[in-house]
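# A closer look at the structure
Given next are the chains, with one letter for each unit.
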Amino acid sequence: MNIILFGPPGAGKGTQAQLIVKKHNYFQLSTGDLLRSEVKKNTELGNKIEKIISKGNFVSDEIVNKLIKQTVGSLRFRDRIIFDGFPRSIDQSKHLDVILKEFSQKIDIVISLVVPREIIEKRIIGRITCDKCNLTLNEYFNKEEIKLHPCGEDNFVKRKDDNLSIVISRYDIYQKTTKPVLDFLSKNSNFHEIDGTLEIEEISAKIDTFLNV
Ligand code: AP5
Ligand code: MG
């Protein structure tokens, strides 16, 4: 099955995608993670991407669509892709349909995580990610796990776009450009909304029931 995890910045898309990967051997296609890994390479393209992301703006469809096509077109990931952070606009949504058709793939489940803005801010400001294994935790909520993390406490880093003013701008862009995609996606016969303010494990259990596992 191919899954879309949809929701505003900080909704928990990445957290839930990581759990689905761990439990059910799916592949997480996070456009944000792919763009950040390009930034890390310090290439000309990476530097261009960093300038855009650090302001909270969207990277061009041309770049993002290319990343998507590479994964959807790969036999290795067939029928087990979690789209995390894509599609993010009506245009991207239309483009996804085209790519899926090209490779005889489809979206089987759409899961929308609903979280109000007040909660999002605290989640994002506290977010830290392990630079080695990409595990995402939160300074406010996961003090013990951070201390005990097998890769070591020192490997946790903060994202450059995780400061209050950029979060506000990312949220505004979400409301204006990304939320309208929901009208498109909610037509999917297997569309589910989940209260994203629940505990991480509760959300994960709900997702499992949709995946029929
Ligand atoms: P991206 O990396 O996709 O960021 P985003 O969509 O803003 O979403 P986040 O990653 O911030 O949040 P999340 O929902 O994954 O939450 P998480 O699980 O980490 O994109 C970054 C940038 O890249 C964009 O701004 C844009 O510039 C560019 N970009 C990406 N895709 C693009 C595209 N398609 N087109 C153009 N540009 C694109 O959780 C957040 C925190 O909350 C964590 O600390 C976590 O531990 C905690 N948490 C999670 N769930 C819970 C819970 N249930 N209870 C308590 N805490 C929780
Ligand atoms: Mg994410």
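Presented here is a report on the structure given in the accompanying data block. Bear in mind that the values here come from a model prediction, so they are computed numbers and not experimental data.

### Focus: the packing of aromatic side chains
Geometrically, a pair of aromatic rings is defined through the distance of the ring centres and the angle of the planes. Enumeration over the complete set of coordinates arrives at four aromatic pairs. Taking 6.1 Å as the distance between ring centres and 50 degrees as the angle between the ring planes, the aromatic pair formed by Phe-6 and Tyr-174 counts as tilted. Of this pair, Phe-6 sits in strand E1 (residues 3-6) while Tyr-174 sits in helix H8 (residues 164-178), and the two are 168 residues apart along the sequence. Comparing Phe-6 with Tyr-174, the two get one shared label, buried. Geometrically, the ring pair formed by Tyr-171 and Tyr-174 is tilted, given 6.2 Å between the ring centres and 35 degrees between the ring planes. Taken together, the residues Tyr-171 and Tyr-174, both in helix H8 and three residues apart, mark about one turn of the helix. An aromatic cluster is built from Phe-6, Tyr-171 and Tyr-174, whose rings are joined through pairwise contacts.

### Digging into the site of ligand 1
In the vicinity of ligand 1 there are 35 residues, among which Thr-15, Asn-57, Arg-88, Arg-127 and Arg-170 approach most closely. Here Arg-36 contributes a side-chain N or O atom positioned 2.9 Å from an oxygen atom of ligand 1. Surface burial for ligand 1 is 95%, taken as the share of its 1000 Å² of free accessible area covered by protein chains. When residues of the shell around ligand 1 are traced back to their parent elements, those giving at least two are helix H1 (13-24), helix H2 (31-40), strand E6 (136-138) and helix H10 (200-210). Per-element accounting of the shell around ligand 1 gives the leading share, four residues, to H2. Across the shell around ligand 1, the residue classes break down as 14 nonpolar, twelve polar and nine charged.

### Focus: the packing of H1 against H10
As a packed pair, H1 and H10 sit with axes 10 Å apart at the nearest point and diverge in direction by 55 degrees. Here H1 is positioned oblique relative to H10, judged by the angle of their axes. Regarding H1 and H10, the two cross each other, and that crossing is right-handed. Between H1 and H10, the contacting residues are Thr-15, Gln-16, Leu-19, Ile-20, Lys-23 and His-24 on the first element and Ile-200, Ile-203, Ser-204, Ile-207 and Asp-208 on the second. Here the residues of the contact of H1 with H10 sort into five nonpolar, four polar and two charged.

Parameters and conventions
- Residues numbered from 1 in each chain as written.
- Chains lettered and ligands numbered in written order.
- Predicted model: local features only at pLDDT ≥ 70, side-chain atom pairs only at ≥ 80, totals over all residues.
- Heavy atoms only, no water.
- Phe/Tyr/Trp six-rings, centres within 6.5 Å; stacked < 30°, edge-to-face > 60°.
- Helix = DSSP H or I, 4+ residues; strand = E, 2+ residues; numbered from the N terminus.
- Buried < 20%, exposed > 50% of the residue type's maximum accessible area, 1.4 Å probe, protein only.
- Near = heavy atom within 4 Å.
- Polar contact = N/O pair within 3.5 Å; in protein donor to acceptor, adjacent residues only side chain to side chain.
- Areas by Shrake-Rupley, 256 points an atom, 1.4 Å probe, with all protein chains shown as cover.
- Nonpolar A, V, L, I, M, F, W, Y, C, P; charged D, E, K, R; others polar.
- Axes fitted to C-alpha atoms, helices over the stretch in contact; angles between N-to-C directions.
- Parallel < 35°, antiparallel > 145°, perpendicular 65-115°, else oblique.
- Left-handed = near helix turned anticlockwise from the far one by under 90°.
- Contact = heavy atoms within 4.5 Å.

Remember that the coordinates give geometry; whether it matters functionally is a separate question.
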